[in-house]
Amino acid sequence: MKKTFSFLLVLAGFIMPQMAFGWGMTGHRVIGKIAEMNLGKHTIKNLNQVLDNASVAMVSNWGDFVKSDSALAYTAIWHYKDLPSGLSREEFNKQAITLDNGEVVYRVLQLIAELKKQPDNANNLKMLIHLIGDMHQPLHMGHPEDKGGNMIKIRWMGRETNLHSLWDSGLIDFQQLSYTEYAHYLFKTHTFALPPFKPSMVLDWAWGTYQAAQVVYNSVDQLKNPFYYDYRYLSLLESRLTDAGDHLAIVLNYLYNK
Ligand SMILES: [Zn+2]
């Protein structure tokens, strides 16, 4: 019995790294914490009411947890949008909101519209917080032929993994910071514009991710030297986390600042 259990654990160790979760736990919490630091006092009060005083950072991974519930497994395709490379902005605008190869842009727009009408729907709010985070992970707007980088096998610090997982969590975990340490550092070292929300911004934000994905696809050769890779691409990672926190704050202020 004990042997079978340890065998299962070893097996799980082989399988787990292949599963794509979106930003890992730390990444989502960093984004949630940065957003919180940019929220107005009324927004925070209203969010506390809907979320039963749980913080934005602490509910930010709920969207990944519920995929394990068979009743909510259908939401797994809400977390990404795979698109072919080389789209013009005009083609991108059309393809990004379609429902094939992932639905993240469509669902973010839909959840914002639903929450505008019904702001006390806690599950919709938690899902929106999560999906705005995912929408800024470059490989959540990757290419369908390699499943957003999941099929691109790489080695990172002596370990077999894939490009998608590296950008979900490998690069973030390598920094060895807690989510609060990382969020405070990024908050202090970046500026936040926080313009009033307009729905057209969602496509602008997604376009930024799509362009970042091209940089990440072109980065694979540099993985021969992981320390150089970290040095060269850390600023891209940090600008994605910071933009996601900024954009999440713009949406939450729009929905809950009353
Ligand atoms: Zn996700």
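Analysis parameters
- Residues numbered from 1 in each chain as written.
- Predicted model: local features only at pLDDT ≥ 70, side-chain atom pairs only at ≥ 80, totals over all residues.
- Heavy atoms only, no water.
- Buried < 20%, exposed > 50% of the residue type's maximum accessible area, 1.4 Å probe, protein only.
- Helix = DSSP H or I, 4+ residues; strand = E, 2+ residues; numbered from the N terminus.
- Arc of directions from axis to C-beta.
- Contact = heavy atoms within 4.5 Å.
- Core = buried A, V, L, I, M, F, W, Y, C linked by side-chain atoms within 4.5 Å.
- Donors = N, O, S within 2.8 Å, 3.2 Å for Na, K, Ca; no water.
- Tetrahedral: all angles 85-135°; square planar, octahedral: opposite > 155°, others 65-115°.
- Pairing = 2+ DSSP bridges.
- Salt bridge = Lys/Arg side-chain N within 4 Å of Asp/Glu carboxyl O.
- Phe/Tyr/Trp six-rings, centres within 6.5 Å; stacked < 30°, edge-to-face > 60°.
- Lys NZ or Arg CZ within 6 Å of the ring centre and 35° of its normal.

Another aspect to go through is helix H3 (residues 41-50). Residues Thr43, Asn46, Leu47 and Val50 constitute the buried set of H3. One side of H3 carries all its buried residues, which in axial view fall inside an arc of 100°. Exposed residues lying more than 90 degrees from the buried face of H3 are Lys41, Lys45 and Gln49. In the core, the buried residues of H3 are packed alongside helix H4 (56-59), helix H8 (122-134) and helix H12 (226-256). Immediately downstream of H3, the backbone of Asp52 shows phi near 50°, a positive value.

What follows is about the nonpolar core. In this structure, Phe92 and Trp167 are the most contacted members of the largest nonpolar core, which totals 71 residues. The element that contributes the greatest number of residues to this core is H12, accounting for 14 residues. If we skip the residues at most four places from it in the chain, Trp167 touches Trp23, Gln137, Pro138, Leu139, Val216, Tyr229, Tyr233, Leu236 and Leu237.

Next up on the list: the coordination of the zinc ion. For the zinc ion, the full set of protein donor atoms is Asp64 (OD), His79 (ND1), His130 (NE2) and Asp134 (OD), at a range of 2.0 to 2.5 Å. Angles of 83 to 172° at the metal separate the 4 donor atoms of the zinc ion, which places the site in the irregular class.

Quick look at the pairing of strand S2 (residues 159-162) now. Of the strand pairs in this sheet, strand S1 (residues 153-156) and S2 are connected by 4 bridges, and their pairing is antiparallel. Residue pairing for S2: Arg155 is matched across the bridge by Glu160. Linking two consecutive strands that pair antiparallel, namely S1 and S2, is a turn of 2 residues; a positive phi of about 55° is found at Met157 within it.

This brings us to the environment of Lys126. Relative to the assigned elements, Lys126 resides in helix H8. Look at Lys126 and you get buried, because its relative accessible area is 17%. Separated by 67 residues in the primary sequence, Lys126 and Val59 place their C-alpha atoms 6.1 Å from one another. If near-sequence neighbours (up to four positions away) are discounted, Lys126 is found in contact with Leu51, Val59 and Trp62.

On to the pattern of salt bridges. One pass over the structure, following the stated rule, counts 7 salt bridges. Asp243 serves as the salt-bridge partner of Arg240, at 3.6 Å between the closest nitrogen and oxygen. In this pair, Arg240 and Asp243 both sit in helix H12, 3 residues apart, roughly one turn of the helix. Given a relative accessible area of 5%, Arg240 falls into the buried group.

Looking now at the packing of aromatic side chains. Applying the stated rule across the entire model yields 13 aromatic pairs. The interplanar angle of 75° and the centroid separation of 6.0 Å between the aromatic rings of Tyr74 and Trp78 together place this pair among those described as edge-to-face. Since its relative accessible area comes to 51%, Tyr74 is described here as exposed. Relative to Phe192, the ring of Phe187 lies with its centre 5.5 Å away and its plane at 25°, an arrangement referred to as stacked. Using a relative accessible area of 28% as the deciding quantity, one classes Phe187 as partly exposed. The exposure class of Phe192 is buried, given its relative accessible area of 18%. A network of ring pairs unites the aromatic residues Trp156, Phe174, Phe227, Tyr229 and Tyr233 as a single cluster. Sitting over the face of the ring of Tyr254, Lys116 holds its NZ or CZ atom 4.2 Å from the ring centroid.

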